[in-house]
Amino acid sequence: MATPLRVTGAWVQLLTDWLDSQQLAAPALRLLLDSRAPADLVPMPLWQSMLEQAATLAPSRSRAALQIGAQIQPRHVGVLGYLLLACHDLAQGMAAYQRYERLFYGEDLVQVSHNAGEVSLRWPAQASTGELADTVAIAALLSLLQRLLAESLRPRRVSFAFAAPAEADVYASFFDCPVRFAAAATQVDFPIAVLALRLPRSDPGVQQMLDRQAQALLLALPASDGFARALQQCMLRLLPEGTLSLSRVAAELHLSVRSLQRRLEARGESWSALLDGLRQQLAQQYLADPALLLSDVALLLGFSEQSAFNRAFRRWSGDTPARVRCRLLLHS
């Protein structure tokens, strides 16, 4: 059975930013938006409902959806947004999006193809999320790419699977290219030359770190229930930032520290054991990668110094990270 589509709590903050930009009070909608932490998973029907509520506040549904997407910043896409920012060029960025789209939608949907001097990003019609949500997504995609490149990026054409809205002309104006509706797929076509465009804020070291974090988040997705998944994803996100603590996680999950402790106790878990177990699991994965220095592994696991990582690792395994790495690489 396919996983139901969803978005992240970070993504729905696009709507908060739009409300701010339009100076709209919308207390009921803001209350709903504020109840979602960046690490929360928001079911697609709820996101669609939020957009419908927003559309009633604007004189133009289509223009509002395009404006909401145009608010995009890397933070709205979580670790994937910052990974795109650190990539070398647009080709790397598109490849990263294709690898980690599941962090965003819960499924791998995009198909990237090259044909006749064009590169196309295509989402099948059955994956369409409707007029408003699809409009926001594609407007955000183009706006994010332009923000990453710090220059205008004009697609050759844009296609949507939904029927033409009453204000179809605003789409052509926004995307500055021909726009088709009732198409076989949602699709954006670019000249293939855009793949070579350099991203001005690329950083190979940061890119490697964020790629490892994205891999770890991907591994966390099949968690058995919503609370366990939200907890693990929150911990994975905060771990390499060096800000992981019981109080910080409780705040991210909108719980008191005592409430989080009680929920862990009900599962027969403790905070220290949970943190130790996560670090130990990730340490084995990272040590098996020869491209990572031991100091990189320590940083990814949230240790301020390698010596602290060495002591913790010896406590977990009775051995040193260096010797375990040698054995892992010999058997790989």
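Whatever comes next refers back to the structure up there.
Q: Would you mind going over the packing of helix α13 (residues 271-287) against helix α16 (residues 321-330) with me for this structure?
A: How two helices pack is summed up by the angle between their axes together with the distance between the axes. One can describe the packing of α13 onto α16 by two numbers: an axis separation of 9 Å at closest approach and a directional angle of 55 degrees. With respect to α16, the axis of α13 lies oblique. Note on packing geometry: the crossing formed by α13 with α16 is right-handed. Seen from α13, the contacting residues are Gln284, Tyr286 and Leu287; seen from α16, they are Pro321, Val324, Arg325, Leu328 and Leu329. When the residues that make up the contact of α13 with α16 are grouped by side-chain class, the tally is six nonpolar, one polar and one charged.

Q: I'm lost on the pairing of strand β3 (residues 111-115) in this one. Help?
A: Consecutive residues of a regular strand have side chains that alternate between opposite faces of the sheet. In this sheet, strand β4 (residues 118-124) lies alongside β3 in antiparallel orientation, the contact comprising five bridges. In the sheet register, Gln111 faces β4, and the bridge partner there is Arg122. Linking β3 back to β4 in an antiparallel pair, the connection comprises two residues, with Ala116 at a positive phi of about 50 degrees.

Q: Sorry if this is basic, but what is going on with helix α1 (residues 9-21) here?
A: Note on helix geometry: an α-helix contains 3.6 residues per turn, so any two residues three or four positions apart are oriented the same way. For α1, which comprises 13 residues, the first-to-last C-alpha distance of 19 Å matches the rise-based estimate of 18 Å (1.5 Å per residue) to within 8%. The element α1 is extensively covered by neighbouring structure, given that eleven of its 13 residues are classed as buried. Of all the residues in α1, the buried ones are Gly9, Ala10, Trp11, Val12, Gln13, Leu14, Leu15, Thr16, Asp17, Trp18 and Leu19. Note on α1: the residue one or two positions beyond its end, Gln23, has a positive phi of about 55 degrees.

Q: In this structure, what is going on with the side chain of Ser159? I would like to understand it.
A: Tracing the sequence through the fold places Ser159 in strand β5 (residues 157-159). Of the polar contacts made by the side chain of Ser159, one reaches the side chain of Arg180; its length is 3.2 Å. Residues in contact with Ser159, not counting those within four places in the same chain, are Arg180, Ala183, Ala185, Thr186 and Gln187.

What counts and what doesn't
- Residues numbered from 1 in each chain as written.
- Predicted model: local features only at pLDDT ≥ 70, side-chain atom pairs only at ≥ 80, totals over all residues.
- Heavy atoms only, no water.
- Axes fitted to C-alpha atoms, helices over the stretch in contact; angles between N-to-C directions.
- Helix = DSSP H or I, 4+ residues; strand = E, 2+ residues; numbered from the N terminus.
- Parallel < 35°, antiparallel > 145°, perpendicular 65-115°, else oblique.
- Left-handed = near helix turned anticlockwise from the far one by under 90°.
- Contact = heavy atoms within 4.5 Å.
- Nonpolar A, V, L, I, M, F, W, Y, C, P; charged D, E, K, R; others polar.
- Pairing = 2+ DSSP bridges.
- Expected span 1.5 Å × (residues − 1).
- Buried < 20%, exposed > 50% of the residue type's maximum accessible area, 1.4 Å probe, protein only.
- Polar contact = N/O pair within 3.5 Å; in protein donor to acceptor, adjacent residues only side chain to side chain.

Taken by themselves, the reported measurements are silent on function.
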